[in-house]
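If you want the building blocks of each chain, they are given just below.
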Amino acid sequence: MSPVLPPVAPEVTAELVGALSPRLRKRLDAGVAKLSGRPVVVDGDTVRLAVDDDTDLELHAPGGVVTSADAIRCGCLLAPDCLHRAAAASAAPVASVAESDPESAEDAAPDATPDERASAEEPELQEAASAEQLAAARALYDAAAAVLDAGTDGAGAVLQAGLLRAAHSARLAGLPRAAASAVAVVTALRAARGADPSYRLTDLVAGLLSVLGTAQRLPRAAGAELTALRGTVRQPYTPDGSLRLYGLFSEPVLTATGYAGAVTWTADAEGRLYTVSDVAPGGAGRAVGAADRTVRIGDTALSHRELSRAGLAVSGATVSPTGRLGAGKAVRAVRASGMDWDADPLERLWAVPVAEQAVRALSEEGHDLLFLDVTLTGTVREAAGDCLLADCDGLPVRFAAAHDDAALPYRDNLRLLSMVPGTRLRVVARLTPAPHARALLLATTHPTERGTRLDLGVDRLQRADLPTAAPAVPGSGHAAGDEAPLHLLRRRVHQAASGGRRVLAFPGDSATDGQRLRRSGLSTAADLLTELHAAAADRTRDTFGRLMPTDVNCFARTWLAAAHYTTEVDRALCAAAWGAEPGL
């Protein structure tokens with residue numbers, strides 16, 4: 001997938017693929033592969049892709065997003081009924097629900113007035129889903145079940161287009177949450193099939209779980225639960241008066257959907273967090289340079305890098321429910337003094353008990369940041385690369401890089417920090433659910449310069465910044481215990497999402513795994529494992545002994561139960577790993 005192609009709205013891809021003849025659909029994946037690596041030229045809002053030496057294909061993307069099928073034009077003799085237009089749409093990043101609907105996107109008009117931003121009210125409570133929503137949910141379930149049945153290798157452009165078509169119908173029916181999850185699944189599929197280094201199998205599993213779970217639950221939901229399942233396309237910005245904010249850190253943004261920029265985190269005197277963002281179409285280059293761009297709020301001339309160390313005084317502030325600051329014309333902001341992390345009011349963020357912070361981050365209410373005081377102890381190897389090990393008041397914590405793109409300094413900074421075990425640091429990290437204490441390291445105090453801090457995705461640490469000698473830490477470089485046996489079920493859930501139903505069609509060592517789960521007291525996990533293999537292998541025959549078509553929805557239901565179970569148990573294990581008491 002070419003990172004320079006503009007994002008394409010889901011309905012555009014679905015329309016172009018749907019218009020292909022059966023013969024051309026069979027050739028679509030080969031057509032997508034053929035476009036990979038072809039020369040691309042950007043000319044304003046138009047992107048030109050050289051299909052071959054004699055044919056160019058144009059994508060017109062006003063505002064950075066292709067929003068209509070007519071905006072993709074091909075110069076070949078078969079156009080507009082050619083394969084190239086559908087292949088280009090299938091090769092480009094998928095625009096998110098908000099990005100493809102500028103009239104309802106909170107990010108589409110950053111200079112809107114506070115009244116315009118606040119006009120997006122929360123949806124009213126419904127007693128039951130409408131007939132249109134139920135039909136859209138059914139279509140989403142069927143499309144996602146087909147993707148799960150095929151796995152990443154089998155879920156080519158045609159199945160992806162089917163899921164995008166269902167996502168578009170869900171958005172029109174008032175189900176933006178499920179639509180956004182479906183788009184995320186397609187993005188993960190394309191990353192997997194394109195060997196994108198940013199691909200994570202856990203993202204695909206989470207997306208499928210969200211789509212199938214929402215679609216499955218919607219017919220039985222009402223009231224507040226239905227409102228949560230429906231979601232909102234945009235979040236309302238409400239007036240919040242005057243704010244005195246203190247910069248915490250800045251992090252780069254680089255998404256698989258072709259967007260990049262920076263987000264700067266700030267806090268007020270009460271410890272509430274607020275963000276200022278600058279995200280737009282672009283690649284790694286924009287993510288690297290965004291920290292030095294001027295903050296888009298009020299008349300301030302601060303860059304994101306400067307704001308992360310300084311402060312901001314805001315009047316007429318508007319804020320979204322997630323703490324994002326609006327940039328309406330009535331908002332005024334001026335530079336103010338910053339504060340060290342070890343001084344009030346920022347210090348109170350680190351005063352919250354670690355277990356309490358972890359429970360909050362896992363609750364999906366509010367932010368997922370952790371504010372920790374740690375001592376570095378070494379490294380531990382994981383499948384995705386080395387993690388930095390640290391001790392947090394007796395709790396072993398693994399810190400991973402927040403992004404693997406080589407243009408961002410995250411991984412290089414972690415590698416240098418691993419060379420100085422015994423160093424005491426105050427850090428900001430983002431919790432990642434795991435059976436052990438694990439987080440993505442975002443920012444830290446400087447190893448040698450008191451009062452200085454580093455944004456690990458923006459600032460690049462040098463060897464000269466390291467202590468000349470750090471005390472050795474006994475036991476450094478070792479992992480923190482064995483993984484819980486739940487991984488025996490989790491592994492099958494992930495294998496199904498990656499390889500499709502066929503990889504579980506043969507029991508293999510499932511009987512042995514089931515016995516081990518039961519010995520560990522995980523009888524429900526053992527039952528789910530058995531049912532998952534049985535559903536994968538189930539092929540009924542008709543009265544003449546012929547195999548009947550596979551019931552992909554039956555397998556999807558069984559997979560959904562297993563995926564939901566492992567997610568909830570993992571959440572409980574993660575909370576326990578961070579020291580939370582049961583039921584906290």
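See the structure shown above.
In this text the structure is predicted, and so the values were computed from the model without any measurement. In every chain, residue numbers begin from 1 and rise along the written sequence. The model is predicted, so local features are restricted to residues of pLDDT at least 70 and side-chain atom pairs to those at 80 or more, both for listing and for counting; the totals for chains, interfaces and linings are taken over all residues. For side-chain calculations, the full set of non-hydrogen atoms in the structure is used, while hydrogens and water are omitted.

1. Description of the sheet that holds strand β3 (residues 56-60)
Within a beta sheet, neighbouring strands are joined by backbone hydrogen bonds and run either parallel or antiparallel to one another.
Turning to step 1, where the next piece is worked out: Only strands joined by at least two bridges in the DSSP assignment are considered to pair. Helix and strand assignments come from DSSP, with helices taken as H or I runs of at least 4 residues and strands as E runs of at least 2, each series counted from the N terminus. The 4 strands are arranged β1-β2-β3-β4 in an open sheet whose pairing can be described as antiparallel. In the strand order of this sheet, the two ends are held by β1 (40-43) and β4 (72-74), each with one partner. If you compare each strand with its neighbour and ignore which way they point, the axes differ by 20° on average.
Turning to step 2, where the next piece is worked out: Relative to strand β2 (residues 46-50), β1 runs antiparallel, the two being bridged by 4 bridges. In the sheet register, valine 40 faces β2, and the bridge partner there is leucine 49.
Turning to step 3, where the next piece is worked out: Every residue pair with non-hydrogen atoms within 4.5 Å of one another is taken to be in contact. Axis angles are defined between N-to-C directions and span 0 to 180 degrees, where every axis is a line fitted to C-alpha atoms and, for a helix, only to the segment in contact. Relative to the sheet, helix α4 (residues 83-91) contacts β3 and β4, its axis offset from that of β4 by approximately 140°.

2. Points about the packing of helix α7 (residues 157-172) against helix α8 (residues 176-193)
Turning to step 1, where the next piece is worked out: Between α7 and α8, the least distance of the axes is 8 Å, while the angle of their chain directions is 160°. Here α7 lies roughly antiparallel to α8, going by the angle between them. Taken as a pair, α7 and α8 cross one another with a handedness that is left-handed. Between α7, through Gln160, Leu163, Leu164, Ala167, Ala170 and Arg171, and α8, the contact on the second element is made entirely by Ala179, Ala182, Val183, Val185, Val186, Leu189, Arg190 and Arg193.
Turning to step 2, where the next piece is worked out: Looking at the contact of α7 with α8 residue by residue, the classes come out as 10 nonpolar, 1 polar and 3 charged. Throughout this description, any angle smaller than 35 degrees is read as roughly parallel, any larger than 145 degrees as roughly antiparallel, any in the 65 to 115 degree range as roughly perpendicular, and the remainder as oblique. If you view the pair so one helix is near and one far, a crossing is left-handed when the near helix is turned anticlockwise from the far one by less than a right angle, and right-handed when it is turned clockwise. Polar here means any residue outside two lists: the nonpolar Ala, Val, Leu, Ile, Met, Phe, Trp, Tyr, Cys and Pro, and the charged Asp, Glu, Lys and Arg; Gly therefore counts as polar.

3. Thoughts on the pattern of salt bridges
Turning to step 1, where the next piece is worked out: Salt bridge, as used here, is a side-chain nitrogen of Lys or Arg placed within 4 Å of a carboxyl oxygen of Asp or Glu. Following the criterion strictly, the structure yields 29 salt bridges and no others.
Turning to step 2, where the next piece is worked out: Residue glutamate 58 is joined to arginine 48 by a salt bridge in which the shortest nitrogen-to-oxygen separation is 3.0 Å. Of the two residues, glutamate 58 is situated in strand β3 and arginine 48 in strand β2; the sequence distance between them amounts to 10 residues.
Turning to step 3, where the next piece is worked out: The classification of residues rests on relative accessible area computed with a 1.4 Å probe and restricted to protein chains. Under 20% of the type maximum is buried, over 50% is exposed, and intermediate values are partly exposed. Glutamate 58 sits in the partly exposed class, given a relative accessible area of 24%.
Turning to step 4, where the next piece is worked out: With a relative accessible area of 29%, arginine 48 lands in the partly exposed category.
Turning to step 5, where the next piece is worked out: Between arginine 430 and aspartate 368 there is a salt bridge, with its nearest N and O atoms 3.2 Å apart. Of this pair, arginine 430 sits in strand β13 (residues 424-431) while aspartate 368 sits in the loop between α14 (354-362) and β10 (369-382), and the two are 62 residues apart along the sequence.
Turning to step 6, where the next piece is worked out: Residue class for aspartate 368 comes out partly exposed when judged on its relative accessible area of 27%.

4. Topic: the sheet that holds strand β8 (residues 311-319)
Turning to step 1, where the next piece is worked out: Ordered in space as β7-β6-β5-β8-β9, the 5 strands form an open sheet in which the pairing is antiparallel. Of all strands in the sheet, those with a lone pairing partner are β7 (273-281) and β9 (332-336), marking the two edges. The sheet shows a mean angle of 35° between the axes of neighbouring strands, taken without regard to direction.
Turning to step 2, where the next piece is worked out: Pairing of β8 with β9 involves 5 bridges; the strand directions are antiparallel. For alanine 313, the partnering residue across the bridge sits in β9 and is valine 334.

5. Digging into the layout of surface pockets
Turning to step 1, where the next piece is worked out: Taken as a whole, the second largest pocket holds about 320 Å³ of empty space.
Turning to step 2, where the next piece is worked out: Here a cavity means grid points, on a 1 Å grid over the protein atoms only, where a 1.4 Å probe fits yet cannot get out; a pocket means an open set of points with protein on both sides within 12 Å along at least five of seven lines; lining residues are those with an atom within 4 Å of a point. Around the second largest pocket, the lining is made up of 15 residues, and of these Asp342, Arg426, Thr445, Arg450 and Gly451 lie nearest the centre.
Turning to step 3, where the next piece is worked out: Counting residues per element, the lining of the second largest pocket draws most heavily on β13, at 3 residues.
Turning to step 4, where the next piece is worked out: Looking at side-chain class alone, the lining of the second largest pocket contains 2 nonpolar, 5 polar and 8 charged residues. Grid points are joined across faces, edges and corners, and a volume is the space filled by probe spheres set on the points.

6. Quick word on the packing of aromatic side chains
Turning to step 1, where the next piece is worked out: To pair, rings of Phe, Tyr and Trp, with the six-membered ring standing in for Trp, must have centres within 6.5 Å; the planes then decide the type, stacked if under 30 degrees apart, edge-to-face if over 60, and tilted in the middle. The final tally for this structure, using the stated rule, is 3 aromatic pairs.
Turning to step 2, where the next piece is worked out: The interplanar angle of 35° and the centroid separation of 5.0 Å between the aromatic rings of tryptophan 341 and tryptophan 350 together place this pair among those described as tilted. Assigned by exposure class, tryptophan 341 and tryptophan 350 land together as buried.
Turning to step 3, where the next piece is worked out: Ring pairing ties together the aromatic residues Trp341, Trp350 and Phe371, which thus form one cluster.

7. Things to note about the packing of helix α18 (residues 523-537) against helix α19 (residues 552-577)
Turning to step 1, where the next piece is worked out: Put simply, α18 and α19 touch, their axes get as near as 9 Å, and they point 155° apart. It follows that α18 is roughly antiparallel to α19 by the angle criterion. Between α18 and α19 lies a crossing whose hand is left-handed. On α19, the residues touching Thr524, Ala525, Leu528, Glu531, Leu532, Ala535 and Ala536 of α18 are Phe555, Thr558, Trp559, Ala561, Ala562 and Tyr565.
Turning to step 2, where the next piece is worked out: In the contact of α18 with α19, the residues fall into 10 nonpolar, 2 polar and 1 charged.

8. Let's talk about the side chain of histidine 367
Turning to step 1, where the next piece is worked out: Following the sequence through the fold, histidine 367 ends up in the loop between α14 and β10.
Turning to step 2, where the next piece is worked out: N or O atoms closer than or at 3.5 Å make up a polar contact, with two conditions inside protein: a donor-capable atom paired with an acceptor-capable one, and, for residues adjacent in sequence, both atoms drawn from side chains. Here the side chain of histidine 367 touches leucine 369 through a polar contact of 3.1 Å, landing on its backbone nitrogen.
Turning to step 3, where the next piece is worked out: If we ignore the near neighbours within four places in the chain, the residues touching histidine 367 are Trp265, Leu273, Arg360 and Ala361.

9. Things to note about the pairing of β7
Turning to step 1, where the next piece is worked out: Summarising burial for β7: 7 of the 9 residues are buried, a large majority.
Turning to step 2, where the next piece is worked out: Here 9 bridges tie strand β6 (residues 259-267) to β7, and the two strands are oriented antiparallel to one another. Paired with alanine 267 across the strands is leucine 273, a residue of β7.
Turning to step 3, where the next piece is worked out: Hairpin geometry of β6 and β7 is characterised by an intervening segment of 5 residues between the two adjacent antiparallel strands and by a positive phi of about 90° at glycine 271.

10. What to know about α19
Turning to step 1, where the next piece is worked out: Taking 1.5 Å as the rise per residue, α19 with 26 residues should run 38 Å; its terminal C-alpha atoms sit 36 Å apart, in good agreement.
Turning to step 2, where the next piece is worked out: Positioned one or two residues after α19, glycine 579 has a phi angle of 95°, which is positive. Multiplying 1.5 Å by the helix residue count minus one yields the expected span of that helix.

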